[in-house]
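What follows is each chain in one-letter form.
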Amino acid sequence: MSEPEVDDAIIEENLGLNKALDTYRKIVEKKEGESRGEKEQDNLDKKIKEIEDREVVEKVTEHIPVEIPCEKNKITIGPPTLTRFEKARIMGARALQLSQGAPPFIPIPKDARISLDISMEELEQRVIPITIRRVLPNGDYQNIPIEYAEK
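Here is a short report on the structure shown in this document. (Residues numbered from 1 in each chain as written. Predicted model: local features only at pLDDT ≥ 70, side-chain atom pairs only at ≥ 80, totals over all residues. Heavy atoms only, no water.)

## Examining the overall build of the chain
Along its length, the chain carries four helices and two strands. Secondary structure of the chain in N-to-C order comes out as α-α-α-α-β-β. Restricting to contacts in the chain with at least 6 residues of sequence separation, those with at least 24 account for 55%. (Helix = DSSP H or I, 4+ residues; strand = E, 2+ residues; numbered from the N terminus. Contact = heavy atoms within 4.5 Å.)

## Concerning helix α3 (residues 84–99)
Since one α-helical turn is 3.6 residues long, residues separated by three or four positions face the same way. Given a rise of 1.5 Å per residue, 16 residues ought to cover 22 Å, and the 22 Å separating the end C-alpha atoms of α3 matches this to within 8%. For α3, the set of buried residues is Glu86, Ile90, Met91, Arg94, Ala95 and Leu98. Projection of α3 onto a plane perpendicular to its axis shows the buried side chains occupying an angular sector of 155 degrees, all on one side. Turned more than 90 degrees away from the buried face of α3 sit Phe85, Arg89 and Ser99, all of them exposed. Residues of α3 that are buried in the fold lie against α4 (115–125) and β1 (131–135). Gly101 sits one or two residues past α3 and shows a positive phi near 105 degrees. (Expected span 1.5 Å × (residues − 1). Buried < 20%, exposed > 50% of the residue type's maximum accessible area, 1.4 Å probe, protein only. Arc of directions from axis to C-beta.)

## Brief notes about the nonpolar core
Of all hydrophobic cores here, the largest spans 10 residues; its members are Ile75, Leu82, Ile90, Met91, Leu123, Ile128, Ile132, Ile144, Ile146 and Ala149. In this view, Ala149 contacts Ile75, Pro80, Thr81, Leu82 and Arg126; residues no more than four positions away in its chain are not counted. (Core = buried A, V, L, I, M, F, W, Y, C linked by side-chain atoms within 4.5 Å.)

## Remarks on the pairing of β1
Residue alternation in β1 divides its side chains into a buried set, Ile132 and Arg134, and an unburied set, Thr131, Arg133 and Val135. With five bridges joining them, β1 and strand β2 (residues 141–145) adopt antiparallel strand pairing. Considered in β2, the bridge of Arg134 is made with Gln142. Linkage of β1 to β2, two consecutive antiparallel strands, is achieved through a turn of five residues, within which Gly139 is found at a positive phi near 100 degrees. (Pairing = 2+ DSSP bridges.)

Pasting the structure below:
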């Protein structure tokens, strides 16, 4: 009779777990010192057995991203205002459009020297027709028109 063959993948998986458990055992033994009784040893063995019995999640189930609607013009993902990063992205994109000849949505202010000044004023007045998409780590997202953001 030959011995049953053991899958190499299972051995490799257990190798990492076994190393971690050995390290855990050494740390606990070092803390408690040499004067460890039978009760402490039993507790350590129970903890190690509990760790070994834990389910290992290897595969994440598929999740189809879903749009979260803006109900009652309320922002549900993130802060109710635009973040500084969103503002910078909007102003930069709009300034680029203006510098390439796009018509401004507001009368050009007297103190505006560059296209970025115009885009800042447009953003303050919330006249830029743009939508921000905020995405959650699981892929769900919310499309937010800038009119919904508080000033």
